[in-house]
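Summary of structural features
The lines below spell out each chain.
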Amino acid sequence: MQIESILPARSFARFKIGRTEYNTKESVSGILFALPCIVLSIIFVFLPIFISLMYAFTDANMLRLDRVTFVGLENFARAFEDPDIVNALRNTAIFVACVTPLQFGASLGLAVLLNRVRHCNTFLRWAFFIPVMLSLAVTSMLWMNLLNVQEGLINTFIEILGGERQGFLEDPTQALYCIVFISAWQGAGYQMLIFLSALQNIPKDLYEAASIDQASKWQQFIHITLPSIKPTMVFVLITMLIGAFRICIQPMVMTGGGPLGSTMTMSYYIYKTGIDYRDVGYSSAIALLYTFLIATVSLGLRKLLGGDNQK
Amino acid sequence: MANKSKSALLFLLGGLMSLASCGPTSGVGGGGASTSEPGPGGNKIITVWVHKNENEDEGKVYKQIQNNFNALGLKTASGATLRMSMSFYGSTLETKISGSLMTGGLPDIIAVDSSDVASKVYSEIIVPIEDALEEGVADSYVTSVTEAGTIDGHLYWLSGMEAPGGLYYNKTMLRAAGYTDADFGTLENRWTWDDVHEAQVRLKAAGQPYQIALNEGFGSDGYMYLYSSLVYNAGGDFGSDDHVEEALTSPEALAGMRDLEQFYETDGLASNETWFYNGTASNAFTAGTIPFQIHGPWDARVIEKGSSAIKGNYGIMPYPAHEGSDEFSSPCGSFGFAVTKDSSDVAAACQALAYLTGGEAGELMYNAIGTFPTNQAKLDSMADFQNGVMKDLKDYLVANDYTRPRQAKYPRLKDAYGEVLSYMRNMNIVSNYDLEAKVREEMRDVDNARA
Amino acid sequence: MKTVSSGKKSWNNDIKAGHAKRLAVKIAVKIALVILCAFLCFIFLFPVVWMVSNSFKTNDQVYAQMASWQTFFPPSWDITTWWVSYTKLFTDFGDFGQSILNSILYCSVTIVMVLLINSLAGYALARFKFPGSKVMTTIILLLMMVPVETSVVPTYIILYYLGLIGEGTAVIGYLIPGFASLFYTYMFRQYFLSMPPEIEEAARLDGCSRIGVFFRMILPLSKPIFATVAIFTFMGSWNEYIFAQLMFPNPSYQPLQVFLQLVNTSTPKDIGMVMASLTISTIPIAIVYIFAQKYIVEGVSFTGLK
C-alpha cells in the first residue's frame, strides 16, 4: 500500500518515523481532516469493542457488571472444551461453504444476464435488488410461512406435484440449507450490481477480436470475461466470506438456532451466551477467538488469491 | 515496543476495572432512586422501571396505575406524600439495568419476570421485602405469586397478574366423536395425557379434525411456561442450581416428559399426518380448525370478546394429569415487580409495590390485556370469574403452586429443557432416539455453566 | 458476422437453411431469456407483493388465504376494505405520527454527519501521507471482522460518562455513536483513490486550499459514493430501535422503528398489522432508492473496483 503525495512539496519541513519520511504540513492537514472521525471512532467504535473484548479475561455477568473479577485464561480454557462451540463451528463452516459458491454464482449469473438483456433492463435490475432493501423481518416471516410443513405454499405445491411434504426449517437435516438459500437469495442482488459494472467496464474490442477468431460465447466468457473481472471477483469473494462467517440474524429470527442446534452459528452463539445467558466474560472470549479465526482465514485468502484490493 | 504495548494494555484494563468499581453513584436523569430524605409535607418519589413501552396496551395500564396511585396521596411513615414515577424501557430494560449497575442509580422498583427472580436475587439486585410490607399484604395474593417471589425463605417479588392455562377443547367436535358433557375433565376428575390422545384416536375414527396445538413456540419461554408442569405432575422436579441433571433424569421427571411423546409418534397415521398441529396459524383453535390446544388465558379472551366461530362451543379442561398421579400443576408465571438494592426507603417502595401489584391494578390489567388478577378477594368478587371458562381458569389458578424452576441459571435451563422437548418432537428423524441420554447431555451443560 | 457453408453444390440452400436455423435458435434463445427473466422477477419480487397484499388483510384473512395463490393478492377488489390494519396502527399508537417525524429528523442529521465526517477521513487516507494513516487502514479492515453484537452496554456506559443520557442530552447521545463508521470511511477512501489526482493538482496550483479543493472539486465529482453511503446510512439509521428505546423512555422522542418492533413482538400477533407496519417502513427506502438509483448503482459498483 502506498499513499502518494499529490503535490510538489511546498513546505520543506519533514520528519521521519522509522524509515518513512513525512511532510509536516501534509501530515497536519491529513490528521485534521481525519480528526473528527478518529476521535469519534476511538470513543464509540474502538472503546466499546475494546471493553467488551477485555471482559474475556473476567467473569463478567450482565447482572453483575459492577463486580467483575479477573480470571485469567479460564474462559478460553472453557471454550476449548465446549461441545456447543464444535457444533457452532461445524454449522458455520457448512454455511460458509454452501452460501459462498451459491451466492457468488447467482450474483455473477444475474449480472451476466442483465448485461445481455436490453429490454426492461432497469426494471430487472430494480427487481433483483429488492430483497437487499427489504428488512430481515419481512423476508424471514415470509419464508417461515412459505416453508411451513403443514400449511406452507411450497409444501402445498410439492404435494400437488405428487411429492412428499418436507420439513424444511423444522427438519434438522434441512434447516441450515434453507437458511443458506434464503441468505443467498437476499444478498445476491448487491453483489450483482458490483459484477454488472465490472462487466460493463470490459473493453468491447476484446469481444470483437474474439468473434473474429470464431470463439464461442462460452469460450469468450472463460477467456475474456472472467480474467477481466478477476480483481472484482476476489473482492466480492472475500467480503462475502466475512459476511457469511458473521451470520447471526437469520437463524436467530427463523429457527432460534434449532431444530436440535442444527442452525446454531458462531456469531449467534456469541450473542446468545452474552445477551441471553448474561455470561459476558465467556461470550467475549469466544468473540475474541472467533475474530482471530476470521482474520486468519480472510488474510490467508487475500494472500492466496493475490488480487489485493488495495492500491 | 512489545513491552510498551503490553503495559499500555494492562493500564487500560486497570482503568476499566476501576471504572467498573467506582463510578459516580447517582444517575444522570435516568430516573435513579432518589436519595434525599423528604420531610413531612414533602413528596417521596418512588421510581419504577417498566419492561413495556408506554404505547403498548400493557404500558398504558401501568401509566394509569401510576396516575391512580398518585391521586391517592398515600403518606409514608415519616409523613411525606408518596408519588410514583415510571420510566418505560420496553425490551431494553435488561440492558438499562446492566448499564446502571456501573453508572449507579437503579430505581426503587424494577419489573422482573417471575422466572428471573432467582437470578436477580443471586446477583443481589433486588432485596427482601417481607419485613417492609404492611401486615397481611402478602397473604392477599394467590399462592403461585408468593411462591414465585420467595427465594431461600425470603419474599422478594410480587405480581398483579397471572396467566393460568389449560387444555382448550372444541365441544362440537368431541360430541361428534361420541363424547358427552359429563366426559369432559374437571379439577376433581382430570383427563390424563393418555385420555387426550385416546380422544384424538376417536376423533380421527369419526372423521373429525384431531390435531392438538401444543404451542411450543409460544414466546421465548414457551416450553417452560406450558410444559414444566409435565415434570411436577409426575412427581418430579427441576432440582436446584448446579443439580438439574440429577433431578431431571429421575424416573418421575422422565416419565412426566414422556407424556408428550405420544403426540409426536406416528402410529395410526398416514405418512404426512401428525397428531400435533404443525401449521403457522396462531388461531387454528379459535378459528375452529382443530379440537385441542394447550394455551394460556389469552385465547379464551379472544373468543369471549370477539366473534369467534366456536364461541359457546368450547371449554377449558385443567392441564392434563400424569397417569396414576394426583399431583396438580398447571402453567403459570408472569411479570411482576421487586425493590432494588439502591432504594433508599424500602418501606415506602413496598407501599408503592403493593398498589402496583394489588387488586385494583390486577383488575385494570385484566380488562386491558386479559391476564388474571392475583388478589384473592378480586378473583372471588369480579363478575367475570363466577361462571364459564373464566371461572374454570380461575379455579385452576387458585389451586396451583408456582410451577417453574426458581434458579439463577434459568435462562440456560429454559433453553436446555426446550432442546429436550424439541428433540422429542424430532424423534422420527434423529438416529438412536434416547430421551434420557439427551436429558443427561443437555442438563450436564447447564450444571457446568457459570451462574 | 461470417457465414459458414459446407459443400459447393447446394450452398445457396444451405445458407437459407442456415438462416432459418439460426433464426429459430435466436428466437428460441430469446423466448428462453424472457421466460428466465420472468421467472427470476417472480422469485425476487414476490416477497414485496406478499408483504403489501397481506398488509391489506386482517389477521384471519391472512391465514385463511395463506396456502393458496390468493396470498399474493389483496383480500377483495373493493379498495375501501383494505385499510383496516393501517387505521388500527395509527389509532392504537398515539405517538405513531410523531415517530415518523422523529425518524426523518434523526436520519437526516445522521446522514449529513456521516457523509461529512467519513468523507473527510476517507479523503485524508486516500490523499495525505501522515503518521498512522497506514495503521488506520489496516485497523479498519480488521475491525470489520469483529462480531459487535455485545457492545451495546459498553457504549451506554461511555455515553453516561460523557453526560449524554440525561433528558436534554439523550438525543445527542442517541445520534453521536452512529456518526463515525470505519466501513464508510473505507468506501470513501477507495472511491477517492480511483479518481485521478491531476484535477486536484491543478486547483491547488490555482491557490485553492486543501479544504477548498475538497468541497469545490472532489465533492461534486463524487456524487455516486455520497449517494451510496447516504442510502446505506439511511437504511441503518431508519431500522435502528434498540438504542432508541434505551435512550428514550419517553415515547414522544422515539423513532418509528420502536413502534414497528412493538407491533412485531406483541402477542397475539396480528400479521396484517405487522405487514402494514413493514410496508410503511419500506416506503421511504424504496422512494430514496428509486430517485437515487443511478448514483447508487455506480457507488455500489465502486466498492468492488480496485
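It should be emphasised that the depicted structure is a prediction, and the values quoted were computed from it without experimental measurement. (Residues numbered from 1 in each chain as written. Chains lettered and ligands numbered in written order. Predicted model: local features only at pLDDT ≥ 70, side-chain atom pairs only at ≥ 80, totals over all residues. Heavy atoms only, no water.)

Re the overall build of chain B
Note the cut-off: Numbering of helices and strands starts at the N terminus; helices are DSSP runs of H or I of at least 4 residues and strands are runs of E of at least 2. The size measure is the radius of gyration over C-alpha atoms, and the globule rule it meets is 2.2 Å times the number of residues to the 0.38 power. A contact between two residues is defined here by any heavy atoms of the two lying within 4.5 Å. The method behind every accessible area is Shrake-Rupley, applied with a 1.4 Å probe, and residues are considered shielded solely by the protein chains displayed. Residues scored as charged are limited to Lys and Arg (positive) and Asp and Glu (negative), so that His and the chain ends carry no count. Just so you know, the charge point we use is NZ for Lys, CZ for Arg, CG for Asp and CD for Glu.
Check the secondary structure of chain B and you find 18 helices and 13 strands. Here the C-alpha atoms of chain B give a radius of gyration of 24 Å, agreeing with the 22 Å that 2.2 N^0.38 yields for 451 residues. Over its C-alpha atoms, taken along the principal directions, chain B stretches across nearly 75 × 65 × 35 Å. Taking all contacts inside chain B whose residues are at least 6 apart in sequence as the whole, residues at least 24 apart take part in 76%. Carbon and sulfur atoms form 48% of the exposed surface of chain B, whose accessible area is close to 16900 Å². Of the charged side chains in chain B, 33 are positive and 59 negative; the average position of the first set lies 8 Å away from that of the second.

Things to note about the overall build of chain A
Basically, it comes down to this: Any residue under 20% of the maximum accessible area for its type is buried, any over 50% is exposed, and the rest in between are partly exposed; the area is computed with a 1.4 Å probe on protein chains only.
The helix and strand tally for chain A stands at 13 helices and two strands. Taken against the 2.2 N^0.38 rule, which gives 19 Å for 311 residues, the C-alpha radius of gyration of chain A at 25 Å runs more than 25% over that of a compact globule. Out of the 311 residues in chain A, the part that is buried amounts to 55%. For chain A, the share of sequence-separated contacts (at least 6 apart) that also reach a separation of at least 24 residues comes to 60%. Accessible area of chain A: about 13600 Å², with a carbon and sulfur share of 66%. Here chain A holds 22 positive side-chain charges and 20 negative ones, and the gap between their average locations is 12 Å.

Points about the sheet that holds strand β11 (residues 314–317) of chain B
All names here are of chain B. The cut-off we apply is this: Here a strand pair is declared whenever DSSP counts at least two bridges between the two strands.
Pairing is mixed across the open sheet formed by four strands, whose spatial order is β9-β10-β8-β11. The outermost strands of the open sheet, each flanked by one partner alone, are β9 (212–213) and β11. Bridging between strand β8 (residues 166–170) and strand β10 (residues 292–295) involves four bridges; their strand directions are antiparallel. Looking across to β10, one finds that Gly 166 is bridged to His 295.

Considering the packing of helix α8 (residues 204–212) of chain A against helix α9 (residues 217–228) of chain A
Residues and elements named next belong to chain A. Note the following rule: Axis definition: a line fit to C-alpha positions, over the contact stretch in the case of helices; interaxial angles, taken between N-to-C directions, run 0 to 180 degrees. Geometric relationships in this document are graded by angle, where less than 35 degrees denotes roughly parallel, more than 145 denotes roughly antiparallel, 65 to 115 denotes roughly perpendicular, and other angles denote oblique. Note on convention: near helix rotated counterclockwise from far helix by under a right angle means a left-handed crossing. Clockwise means right-handed. Polar here means any residue other than Ala, Val, Leu, Ile, Met, Phe, Trp, Tyr, Cys and Pro, which are nonpolar, and Asp, Glu, Lys and Arg, which are charged; Gly is therefore polar.
Where α8 contacts α9, the two axes come as close as 11 Å, and the packing angle between them is 165 degrees. Looking at the two axes, α8 sits roughly antiparallel to α9. Of the two possible hands of crossing, α8 and α9 adopt the one that is right-handed. The residues of α9 that touch α8, namely those facing Leu 206, Tyr 207, Ala 210 and Ser 211, are Gln 220, Ile 224, Thr 225 and Ser 228. Taken together, the residues that form the contact of α8 with α9 break down as four nonpolar, four polar and no charged.

Here we look at the pattern of salt bridges
All names here are of chain B. Applied cut-off: For salt bridges, the criterion is a side-chain nitrogen of Lys or Arg within 4 Å of an Asp or Glu carboxyl oxygen.
Tallying each qualifying case throughout the model produces 30 salt bridges over all chains. With its nearest N and O atoms 3.2 Å apart, the salt bridge here joins Lys 63 to Glu 54. Put simply, Lys 204 and Glu 273 hold a salt bridge, and the shortest N to O gap is 3.5 Å. Taken together, the positions of Lys 204 in helix α7 (residues 193–205) and Glu 273 in the loop between α11 (261–264) and β10 put the pair 69 residues apart, joining distant regions of the chain. The class for Glu 273 is partly exposed, based on a relative accessible area of 24%.

Observations regarding the interface of chain B and chain A
Stated precisely, the cut-off is as follows: Buried area is understood as the total, over both parts, of accessible area removed when two parts are fitted together, assessed with a 1.4 Å probe. We call two N or O atoms a polar contact when they sit within 3.5 Å, provided that within protein one can donate a hydrogen and the other can accept it, with sequence-adjacent residues counted only if both atoms are side-chain atoms.
Each partner contributes residues to the interface: chain B has 42 residues there, and chain A has 42 residues. Where chain B abuts chain A, roughly 3400 Å² becomes buried across the two surfaces, and 50% of that area is made up of carbon and sulfur atoms. Counting every contact that joins chain B to chain A gives nine salt bridges. Asp 415 of chain B is the partner of Lys 272 of chain A in a salt bridge, and the nearest nitrogen-oxygen pair spans 2.9 Å. Between chain B and chain A we count 16 residue pairs in polar contact (both at pLDDT 80 or more) in total. Elements with a contribution of two residues or more to the side of chain B that touches chain A: α1 (2–21), α3 (93–103), α4 (117–122) and α17 (410–425) of chain B. Of all the elements, α17 of chain B adds the most residues to the side of chain B that touches chain A, at seven residues. Here the residues of the side of chain B that touches chain A sort into 19 nonpolar, twelve polar and eleven charged.

Notes on the state of the cysteines
Basically, it comes down to this: Two cysteine sulfur atoms form a disulfide, by the criterion used here, when they sit within 2.5 Å.
One pass over the full model with this rule turns up zero disulfides over all chains. As a non-bridged cysteine, Cys 120 of chain A has Cys 41 of chain C as the owner of its nearest cysteine sulfur, 8.0 Å distant. Owing to a relative accessible area of 10%, Cys 41 of chain C belongs among the buried residues under this scheme.

A word on the packing of helix α1 (residues 24–54) of chain A against helix α5 (residues 133–143) of chain C
Interhelical geometry of α1 of chain A versus α5 of chain C gives an angle of 40 degrees and a closest axis separation of 13 Å. By the angle between their axes, α1 of chain A is oblique relative to α5 of chain C. Relative to α5 of chain C, the crossing made by α1 of chain A is left-handed. Touching Ile 38, Val 45, Phe 46 and Ile 49 of chain A of α1 of chain A are Met 136, Ile 139 and Leu 143 of chain C, all from α5 of chain C. Of the residues assigned to the contact of α1 of chain A with α5 of chain C, the class counts are seven nonpolar, no polar and no charged.

Concerning the interface of chain C and chain A
By a widespread convention, an interface's size corresponds to the accessible area lost as its parts come together. Contact residues are listed per partner, giving 94 residues for chain C and 92 residues for chain A. Taken over both partners, the interface formed by chain C and chain A buries close to 8700 Å², and the fraction arising from carbon and sulfur atoms is 76%. Taken together, chain C and chain A are joined by zero salt bridges. Taken together, the connections running from chain C to chain A amount to one residue pair in polar contact (both at pLDDT 80 or more). Taken together, the residues that form the side of chain C that touches chain A break down as 66 nonpolar, 17 polar and eleven charged.

Thoughts on the nonpolar core
The test is simple: Put simply, a nonpolar core is a bunch of buried Ala, Val, Leu, Ile, Met, Phe, Trp, Tyr and Cys residues held in one set by side-chain atoms that sit within 4.5 Å of each other.
In this structure, Phe 128 of chain A, Tyr 62, Ile 109, Tyr 314 and Leu 356 of chain B together with Phe 192 and Met 247 of chain C are the most contacted members of the largest nonpolar core, which totals 274 residues. Top contributing element to this core by residue count: helix α7 (residues 175–200) of chain A, with 15 residues. Those residues in contact with Phe 128 of chain A, other than ones at most four positions away along the chain, are Leu 110, Leu 114, Gly 189 and Met 192 of chain A together with Leu 40, Cys 41 and Phe 44 of chain C.

Some remarks on the domain arrangement of chain B
All names here are of chain B. Operational definition: Domain start and stop positions are those given by an automatic or database domain assignment.
Taken domain by domain, chain B consists of domain 1 (42–163 + 333–399) and domain 2 (166–331 + 405–448). For domain 1 versus domain 2, the distance between C-alpha centres works out to 30 Å. With 25 residues of domain 1 in contact, the opposing surface of domain 2 contributes 21 residues. Across the domain 1 to domain 2 interface the summed buried area is about 1800 Å²; carbon plus sulfur atoms make up 63%. It is Ala 163, Val 389 and Tyr 396 in domain 1 that bury the most area against domain 2; as a group they hold 33% of the surface buried on that side. Here domain 1 and domain 2 share zero salt bridges between them. Put simply, domain 1 and domain 2 have seven residue pairs in polar contact (both at pLDDT 80 or more) between them.

Remarks on a positive patch on the surface
Definition in use: A patch is a set of surface residues, each over 30% in relative accessible area and not in a salt bridge, joined within 9 Å for like charges and within 5 Å for the nonpolar side chains Val, Leu, Ile, Met, Phe, Trp and Tyr.
A surface patch of positive charge is lined by Arg 116, Arg 118, Lys 204 and Lys 217 of chain A together with Arg 22, Lys 26 and Lys 30 of chain C. The greatest single-element share of the positive patch, amounting to three residues, is contributed by helix α1 (residues 11–55) of chain C.

Some words on α5 of chain C
Of all the positions in α5 of chain C, only Ser 133, Met 136, Thr 137, Ile 140, Leu 141 and Leu 143 of chain C are classed as buried. Contacts from the buried residues of α5 of chain C go to α1 and α13 (280–305) of chain A together with α4 (96–127) and α8 (182–194) of chain C.

So, α7 of chain B
Residues and elements named next belong to chain B. Rules: Any helix carries an expected span of 1.5 Å times its number of residues minus one. The reported arc concerns the directions from the helix axis to the C-beta atoms and nothing else.
A rise of 1.5 Å per residue sets the reference length of α7, with its 13 residues, at 18 Å; its end C-alpha atoms lie 19 Å apart and thus fit the reference within 8%. For α7, the set of buried residues is Trp 193, Val 196, His 197, Ala 199, Gln 200 and Leu 203. Take α7 and look down its axis: the buried residues cluster within an arc of 155 degrees, on one side only.

Digging into the pairing of strand β1 (residues 14–17) of chain A
Residue and element names in this part refer to chain A. Looking at chain direction, β1 and strand β2 (residues 20–23) are connected through four bridges and run antiparallel. Across the sheet, residue Phe 15 finds its bridge partner in β2, namely Tyr 22. Linking two consecutive strands that pair antiparallel, namely β1 and β2, is a turn of two residues; a positive phi of about 65 degrees is found at Gly 18 within it.

Overview of a nonpolar patch on the surface
A cluster of nonpolar side chains, contributed by Phe 157, Ile 160 and Leu 161 of chain A together with Phe 42, Trp 69, Phe 73 and Trp 77 of chain C, occupies part of the molecular surface with about 920 Å² of accessible area. Considering the arrangement of structural elements, one finds Leu 161 of chain A in the loop between α6 (153–160) and α7. Classification of Leu 161 of chain A as exposed rests on a relative accessible area of 67%.

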